[in-house]
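Listed here are the chains, written in short residue letters.
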2 protein chains.
Amino acid sequence: MTGPRASDGARSGSADLHLVEGESGSPALLTRNPRVLMAHGGGGRLTQQLIEEMFVPAFANEHLAELHDGAVLSFDGTRIAISTDSFVVTPLFFPGGDIGDLAVNGTVNDLAMCGAVPRYLTLGLILEEGLSTETLWRVVRSIEQAARRASVSVVTGDTKVVEHGHEPGLYINTAGIGVVPEGVDVAPRRASPGDAVIVNGAIAVHGTAVMSVREGLDFETSLESDTAPLAELVAVLLSKLGSSVHVLRDPTRGGVATALNEIASSARVGIEVDERSVPVWPEVRGACEILGLDPLYVANEGKVLAIVAGDVVDAALEVIRQDPLGREAMVIGRIVDEHPGRVLLRSAVGGRRMLDLLSGEQLPRIC
Amino acid sequence: MTGPRASDGARSGSADLHLVEGESGSPALLTRNPRVLMAHGGGGRLTQQLIEEMFVPAFANEHLAELHDGAVLSFDGTRIAISTDSFVVTPLFFPGGDIGDLAVNGTVNDLAMCGAVPRYLTLGLILEEGLSTETLWRVVRSIEQAARRASVSVVTGDTKVVEHGHEPGLYINTAGIGVVPEGVDVAPRRASPGDAVIVNGAIAVHGTAVMSVREGLDFETSLESDTAPLAELVAVLLSKLGSSVHVLRDPTRGGVATALNEIASSARVGIEVDERSVPVWPEVRGACEILGLDPLYVANEGKVLAIVAGDVVDAALEVIRQDPLGREAMVIGRIVDEHPGRVLLRSAVGGRRMLDLLSGEQLPRIC
């Protein structure tokens, strides 16, 4: 072939670990969980098992092994980030957003979490027979508006139709492509003792807003999803602080606790979170109490966890707070040498406890 | 931003045509079809209406307007092709393949149809609660094997779980990235009068194999899906004939007739097909008669329509026939000046008729 080639580590890695028909090394989860559970899609422990026992061994390559929100590939020196997400949220429309803008912002944000400037999206629609075309049109317009806001173009797509369930719905898959600027090096493995963990605002808003509608609490609350594109905030942060920004992660499914656990595990570091510093709106706290949810595990769609070098914490906080999406930014924790792979919470009343991955499914079909 | 930038035509195109809440220009299809029908996903006329009335106006940009199997984007002079497809085939396993290798080959082939060398895949899984994890593992292994055969790496993914229907199933979305070598210029608009249409082998095999199982005919036939990666065949063809290869298209949903209609419409040319030259195995013809299907409209998964300049037809045929997937290659038609936008069939008995897009759904959930 005459064309340009990307780095080839991935391919050889795959060959080393390839699987063959009939081999004895079936994943242990086949006996532990003979059936797929809702929790396998919940972002917690069962999702992690699926990834670690099935996908990583099957598709072994350096990109997948990073367990990042996306993969960064090199083409002739240009670093291209790619990411994908499927969206199955119910209801399709909820206060503050819908499945359409969620599908754009979710993938745009995953690219931003790789340090990339999002550029292009693909759009895969799976529609249920009988869905109102008016509903589809509302979703399509919402996708268009979200794409415009995030400065990305939908360049190719695909539509399938399947038999309907009780209430015909739709699923959306988006994949995104972005460009990683020079000097940026953002990856979970870069979290280092001494780093600070910053969140750009109050947590648990998206999940609480969706669950409030689903549980009929929307008469008691005016909560709206925080769904928003974070690429602009991230781009400014990276342009000011460059490689002092070590890790970026959007705490979606599984919330802040799950995202920090994944980072602690990837980087083999400990993380300490100070519960009193974590911004939670009183209205969200109240709804979470009624719904029996812990805000630290509730999905966000417009939040980013930025892990930055200790010596740039103040500068980072200042930059983030200048963005409309970052006005309530707070330092909520730090990376430590102790308890590598684990996240420790210093509670408001002075206690300490491990923040673990959830075993079950706290919030099904939240995104 | 300091990073490299791709060409920006797409973005400005999008802004020109943006849609606003409450504008009166709702697509006419909302009144014509208030509900989504299976045929909206079938690849025929209703799919075309969905694309032309909803998606193209909503997401207007130069890439989408090409109506290619994917989009070709330029990053610092490197041309990157991107494509996406969702797979909802039922049953999940069928003679000759399963939803897993279909999901790899389908996207690999869409990239190849852009003239690209496929490199990376994303994998989005939507699983139904209660699906056997053993089934999932079979599909994952099949994806891995197909990816290895096609020399692509699965670099990032996402898993969601939804409530189950009667028989828990799964849907797969793949998006792919490939690199377009220098000198290659493959696009539907390049079809020109005098060009020849070549198919690499016997048609209608995939759709007939899947439908035979679904309709209980699999005891009467040993038909297996033709699902296969076409990237190698395409790469060799392009390396030998360069820009004399004008259009490549894999005739999946809607079959050869639909693919040729799309090309005729994109390029504003006429296409003539000689029915006697179209290779159809007797077994496929027999099954199609029982199932009431026209082979020209039945899905293929390992077939490519190559439209090449008239002066390289013999060379192209020779190159294609040297590939194991091209042994039965035939010239089946030609591009003409007459009846632009339409496809004419010269039938075996000497008649002529227009090959139109199907209005309904011939084969639901075939891929």
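Here goes a summary of the coordinates provided.

## A closer look at the overall build of chain A
Now for step 1: Helices and strands together make up the secondary structure of chain A, namely 11 helices and 14 strands.
Now for step 2: Whereas a compact globule of 367 residues would reach a radius of gyration of roughly 21 Å, chain A reaches 20 Å, a difference of no more than 12%.
Now for step 3: Summarising its shape, the C-alpha atoms of chain A cover approximately 55 × 55 × 45 Å along the three principal directions.
Now for step 4: Within the span of chain A, comprising 367 residues, buried residues form 63% of the whole.
Now for step 5: Partitioning the contacts of chain A with sequence separation of at least 6, the portion at a separation of at least 24 is 84%.
Now for step 6: Just so you have it, chain A exposes about 12,900 Å², and 49% of that area is on carbon and sulfur atoms.
Now for step 7: Chain A carries 30 positive and 48 negative side-chain charges, and their two centres are separated by 3 Å.

## Overview of the pairing of strand β2 (residues 78–87) of chain B
Residues and elements named next belong to chain B.
Now for step 1: Counting buried residues in β2 gives 9 out of 10 residues, a clear majority hidden from the surface.
Now for step 2: With 5 bridges connecting them, strand β1 (residues 71–75) and β2 associate as antiparallel partners. Paired with Ser74 across the bridge in β2 is Arg79.
Now for step 3: The loop that links β1 with its antiparallel partner β2 comprises 2 residues; one of these, Asp76, has a positive phi angle of about 50°.
Now for step 4: Relative to strand β7 (residues 170–180), β2 is paired through 9 bridges, and the arrangement is antiparallel. By the bridge assignment, Ile80 is partnered in β7 with Val179.

## Section: the packing of aromatic side chains
Now for step 1: For the structure shown, the criterion picks out 5 aromatic pairs over all chains.
Now for step 2: Ring centres of A:Tyr120 and B:Phe75 lie 6.0 Å apart, and the angle between their planes is 85°; this geometry places the pair in the edge-to-face category. Here the residue A:Tyr120 occupies a position in strand β5 (residues 117–128), and B:Phe75 occupies one in strand β1, the pair thus bridging two chains.
Now for step 3: Measuring from centroid to centroid gives 6.0 Å for A:Tyr171 and B:Tyr171, while their planes differ by 45°, and the two rings are tilted. Taken together, the positions of A:Tyr171 in strand β7 (residues 170–180) and B:Tyr171 in strand β7 put the pair across two chains.
Now for step 4: Taking relative accessible area as the criterion, A:Tyr171 reaches 8% and is therefore assigned buried.
Now for step 5: Just above the ring of B:Phe93 sits the side chain of B:Arg138; from NZ or CZ to the centre is 3.7 Å.

## Points about the interface of chain B and chain A
Now for step 1: Chain B puts 101 residues into the contact, and the matching count from chain A is 102 residues.
Now for step 2: Between chain B and chain A, roughly 9,000 Å² of surface is buried when both sides are summed, and carbon and sulfur atoms account for 64% of that area.
Now for step 3: Contact with chain A buries surface across chain B, with B:Val36, B:Thr133 and B:Trp137 losing the most and accounting together for 8% of the total.
Now for step 4: At the boundary of chain B and chain A, one finds 6 salt bridges.
Now for step 5: At the boundary of chain B with chain A, the tally comes to 24 residue pairs in polar contact (both at pLDDT 80 or more).
Now for step 6: The dominant element in the side of chain B that touches chain A, judged by the number of residues it contributes, is strand β5 (residues 117–128) of chain B, at 11 residues.
Now for step 7: For the side of chain B that touches chain A, the class distribution of residues is 50 nonpolar, 30 polar and 21 charged.

## Comments concerning unusual backbone geometry
Now for step 1: With an omega of 0°, the peptide bond between A:Thr90 and A:Pro91 qualifies as cis.
Now for step 2: One non-glycine residue, A:Ser151, lies in positive phi territory at about 55°.
Now for step 3: Along the chain, A:Ser151 turns up in the loop between α6 (133–149) and β6 (153–162).
Now for step 4: For B:His339, which is not glycine, the phi torsion reads 30° and is therefore positive.
Now for step 5: Relative to the helices and strands, B:His339 is located in the loop between β12 (330–336) and β13 (343–346).

## Section: the environment of B:Ser26
Now for step 1: Structurally, the position occupied by B:Ser26 is in the loop between α1 (9–16) and α2 (29–32).
Now for step 2: For the pair formed by B:Ser26 and B:Glu53, sequence separation is 27 residues and the distance between their alpha carbons is 8.8 Å.

## Concerning the relation of the copies chain B and chain A
Now for step 1: Rotating chain B by 180° and translating it 0.0 Å along the rotation axis places it on chain A, where the RMSD comes to 0.0 Å. Expressed as a symmetry operation, the mapping of one chain copy onto the other fits a two-fold axis.
Now for step 2: By residue overlap, the copies meet face to face through one surface: 100% of the interface positions of chain B are interface positions in chain A.

## A closer look at the pattern of salt bridges
Now for step 1: As enumerated under the stated definition, the model contains 34 salt bridges over all chains in all.
Now for step 2: Between A:Arg365 and B:Glu163 there is a salt bridge; the shortest N-O distance is 2.5 Å. In this pair, A:Arg365 sits in the segment after β14 (352–355) while B:Glu163 sits in the loop between β6 (153–162) and β7, so the two residues belong to two different chains.
Now for step 3: Given a relative accessible area of 39%, B:Glu163 falls into the partly exposed group.
Now for step 4: Put simply, B:Arg189 and B:Asp185 hold a salt bridge, and the shortest N to O gap is 3.9 Å.
Now for step 5: Using a relative accessible area of 47% as the deciding quantity, one classes B:Arg189 as partly exposed.
Now for step 6: Residue B:Asp185 is classed as partly exposed on the basis of its relative accessible area of 30%.

## Brief notes about the packing of helix α3 (residues 45–59) of chain A against helix α6 (residues 133–149) of chain B
Now for step 1: Where α3(A) contacts α6(B), the axes come no closer than 9 Å and their chain directions differ by 25°. Classified by the angle their axes make, α3(A) and α6(B) are roughly parallel. Crossing angle aside, the handedness with which α3(A) passes α6(B) is right-handed. In contact with A:Leu50, A:Met54, A:Phe55, A:Ala58 and A:Phe59 of α3(A), α6(B) contributes B:Thr133, B:Leu136, B:Trp137, B:Val140, B:Ile143 and B:Glu144.

## Digging into the sheet that holds β6(A)
Residues and elements named next belong to chain A.
Now for step 1: A sheet is described by the order of its strands in space; here 5 strands give the open sequence β1-β2-β7-β5-β6, paired in mixed fashion. A single partner strand is all that each edge strand has here, and the edge strands are β1 (71–75) and β6. Sheet twist, expressed as the mean angle between neighbouring strand axes with direction ignored, is 20°.
Now for step 2: Docked against the sheet, helix α5 (residues 99–113) engages β2 (78–87), β5 and β7, running at close to 145° with respect to β2.

## Remarks on the sheet that holds β2(B)
Hydrogen bonds between backbone groups are what pair the strands of a sheet, and the pairing can be parallel or antiparallel.
Residue and element names in this part refer to chain B.
Now for step 1: The 5 strands lie next to each other as β1-β2-β7-β5-β6, forming an open sheet whose pairing is mixed. The sheet is open, and its two borders are formed by β1 and β6, each paired with just one other strand. With direction set aside, neighbouring strand axes in the sheet form an average angle of 20°.
Now for step 2: Of the strands in this sheet, β2, β5 and β7 touch helix α5 (residues 99–113), which is tilted by about 145° from β2.

Calculation rules
- Residues numbered from 1 in each chain as written.
- Chains lettered and ligands numbered in written order.
- Predicted model: local features only at pLDDT ≥ 70, side-chain atom pairs only at ≥ 80, totals over all residues.
- Heavy atoms only, no water.
- Helix = DSSP H or I, 4+ residues; strand = E, 2+ residues; numbered from the N terminus.
- Rg over C-alpha atoms; globule rule 2.2 N^0.38 Å.
- Buried < 20%, exposed > 50% of the residue type's maximum accessible area, 1.4 Å probe, protein only.
- Contact = heavy atoms within 4.5 Å.
- Areas by Shrake-Rupley, 256 points an atom, 1.4 Å probe, with all protein chains shown as cover.
- Lys, Arg positive; Asp, Glu negative; His and termini not counted.
- Charge placed at Lys NZ, Arg CZ, Asp CG, Glu CD.
- Pairing = 2+ DSSP bridges.
- Phe/Tyr/Trp six-rings, centres within 6.5 Å; stacked < 30°, edge-to-face > 60°.
- Lys NZ or Arg CZ within 6 Å of the ring centre and 35° of its normal.
- Buried area = accessible area lost by both parts, 1.4 Å probe.
- Salt bridge = Lys/Arg side-chain N within 4 Å of Asp/Glu carboxyl O.
- Polar contact = N/O pair within 3.5 Å; in protein donor to acceptor, adjacent residues only side chain to side chain.
- Nonpolar A, V, L, I, M, F, W, Y, C, P; charged D, E, K, R; others polar.
- Least-squares fit on C-alpha atoms with pLDDT ≥ 70 in both.
- Axes fitted to C-alpha atoms, helices over the stretch in contact; angles between N-to-C directions.
- Parallel < 35°, antiparallel > 145°, perpendicular 65-115°, else oblique.
- Left-handed = near helix turned anticlockwise from the far one by under 90°.

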